[in-house]
Amino acid sequence: MTVSPPIQGSRPVVPTPGSAHAPKQWQSERKLAVLTGASGGIGVLIGRILLSQGYDLIALCRSKPDLDSGRTLHIPYDLSQTETLASASETIGQFDRRVFALIHCAGLITPSPVAEAEEAMLTAQITLNLTAPILLTRHLLPHMRPGSTRSEPGGHIVFINSMSAVMPLAGSAAYAAAKAGLRSFALSLAQELRPSSLSVSSVFPGAVQTSMLQREMEEGGSVLNYVSTPLDPGKVAQAVINQLGKTRKNTCREQFMPAIDGVFGKMCMVVPALLRLTLPALHAIGRRNYEKARHRN
């Protein structure tokens, strides 16, 4: 997941439909992917893999991503401005190309106890992590449905979620709530799309070894991020891409990274007392591993 800093100052404006121009190297026979959070650590890696696999790309993000401009259309966009999502969708629709892949990578976490959190930051986390993916999906679904040709491959929607969707996280309650809601949305959406050729997947990484994780910890992030070794962002990016080659009707394919953490998290959802009983040991392991990581750096 791409973890974005708090939103401040001026915000990007979505191009007026008709004003955006297709990159020179786009080819209509290629598959088209839309990627949010494309300028972040994991997002830019996903974008590079997509381009290497022959996709044309639309990047929805505030700053210009470090991606091949000949094959990437950057739509400067702040996903917290949900009222303009329809305009972004119209801009994408003007190219009259089917969107094969929609990958939700943008995200925001601002650690703070609820009692001390600023209302704007609580709202921003819910908006970026839950509301924006729901609304963007709703607006782009008409552009993802195949035509009348049955030979057309089915499209795919991938949500980059978080282990916090199944593992309550003190200090990041709004973030955890948004991610749990996003999981339920993906599961429900998969059922709705059963009659179509579209597939839905969710990837749930634990902590990922990026500069953004370092910022999160400096702002009071949970040591539970270090119970398991933080993931290589390249492995997370590849796991997301691997979803595009897999189809599953009437259900959302879920991948937890690492898998054992996902099993434990889901067990805690069924038996909440399990988390309460194990938290002291988990915090001790996390603190020890975090201190080791700090000394190494």
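Look up: the structure comes first, before these words.
The text that follows walks through the structure, step by step, so that each part is easy to find. Because the structure is predicted, anything quoted here is derived from the model rather than measured.

As for the overall build of the chain
Assigned secondary structure in the chain consists of eight helices and nine strands. At 19 Å, the chain has a C-alpha radius of gyration in line with the 19 Å of a compact globule built from 297 residues. Overall, the C-alpha framework of the chain stretches about 55 × 40 × 35 Å when taken along its three principal axes. Here the chain holds 297 residues, and 52% of them are scored as buried. Total accessible area on the chain is roughly 13700 Å²; 53% of this is exposed by carbon and sulfur atoms. The distance from the centre of the 29 positive side-chain charges to the centre of the 20 negative ones in the chain is 9 Å.

Let's talk about the pattern of salt bridges
A full pass over the atoms with the stated rule returns six salt bridges. Arg30 is the salt-bridge partner of Asp56, the closest N and O atoms lying 3.1 Å from each other. With Asp56 in strand E3 (residues 56-61) and Arg30 in the loop between strand E1 (2-4) and strand E2 (32-36), the pair connects residues that are 26 residues apart, well separated along the chain. With a closest N to O distance of 2.9 Å, Asp56 and Arg97 form a salt bridge. Here Asp56 is found in strand E3, whereas its partner Arg97 is found in the loop between helix H2 (85-93) and strand E5 (99-104), with 41 residues between them in sequence. The buried category is assigned to Asp56, whose relative accessible area is 0%. A single salt-bridge network, built from bridges that share partners, covers Arg30, Asp56, Arg71 and Arg97.

Here's the deal with the layout of surface pockets
In this structure, the largest pocket occupies an estimated 570 Å³ of space. Lining the largest pocket we find 31 residues, and of these Met163, Pro205, Gly206, Ala207 and Asn225 sit closest to its centre. Elements supplying a minimum of two residues to the lining of the largest pocket: E1, helix H1 (41-52), helix H5 (211-218) and helix H7 (259-270). Of the residues contributing to the lining of the largest pocket, the split by class is 19 nonpolar, 10 polar and two charged.

Remarks on the environment of Ala124
Examined against the element boundaries, Ala124 turns out to sit in helix H3 (residues 119-144). For Ala124, a relative accessible area of 14% corresponds to the buried category. Residues Ala124 and Ile42, 82 residues apart in the sequence, show an inter-C-alpha distance of 21 Å.

Focus on the sheet that holds E5
Spatially, seven strands are ordered E4-E3-E2-E5-E7-E8-E9 in an open sheet, and the strand pairing comes out parallel. The outermost strands of the open sheet, each flanked by one partner alone, are strand E4 (72-76) and strand E9 (253-257). The sheet shows a mean angle of 15° between the axes of neighbouring strands, direction not considered. The sheet contact formed by E2 and E3 spans five bridges and is parallel. Pairing of Leu35 across the sheet is with Ala59, part of E3. Lying over the sheet, H1 contacts E2, E3, E4, E5 and strand E7 (156-160), oriented at roughly 175° with respect to E2. The strands that H3 touches are E2, E3, E5 and E7; relative to E5, the one it contacts most, it runs at about 175°.

Re unusual backbone geometry
Residue Met257 is joined to Pro258 through a cis peptide bond whose omega torsion reads -5°. Note on placement: Pro258 falls in the loop between E9 and H7. One non-glycine residue, Asp96, adopts positive backbone phi at about 55°. Mapped onto the elements of the fold, Asp96 is located in the loop between H2 and E5. Asp96 gets classed as exposed once you look at its relative accessible area, which sits at 71%.

The rules behind each value
- Residues numbered from 1 in each chain as written.
- Predicted model: local features only at pLDDT ≥ 70, side-chain atom pairs only at ≥ 80, totals over all residues.
- Heavy atoms only, no water.
- Helix = DSSP H or I, 4+ residues; strand = E, 2+ residues; numbered from the N terminus.
- Rg over C-alpha atoms; globule rule 2.2 N^0.38 Å.
- Buried < 20%, exposed > 50% of the residue type's maximum accessible area, 1.4 Å probe, protein only.
- Areas by Shrake-Rupley, 256 points an atom, 1.4 Å probe, with all protein chains shown as cover.
- Lys, Arg positive; Asp, Glu negative; His and termini not counted.
- Charge placed at Lys NZ, Arg CZ, Asp CG, Glu CD.
- Salt bridge = Lys/Arg side-chain N within 4 Å of Asp/Glu carboxyl O.
- 1 Å grid on protein atoms, 1.4 Å probe; cavity = no way out; pocket = protein on both sides within 12 Å on 5 of 7 lines; lining within 4 Å.
- Points joined across faces, edges and corners; volume = space filled by probe spheres on them.
- Nonpolar A, V, L, I, M, F, W, Y, C, P; charged D, E, K, R; others polar.
- Pairing = 2+ DSSP bridges.
- Axes fitted to C-alpha atoms, helices over the stretch in contact; angles between N-to-C directions.
- Contact = heavy atoms within 4.5 Å.

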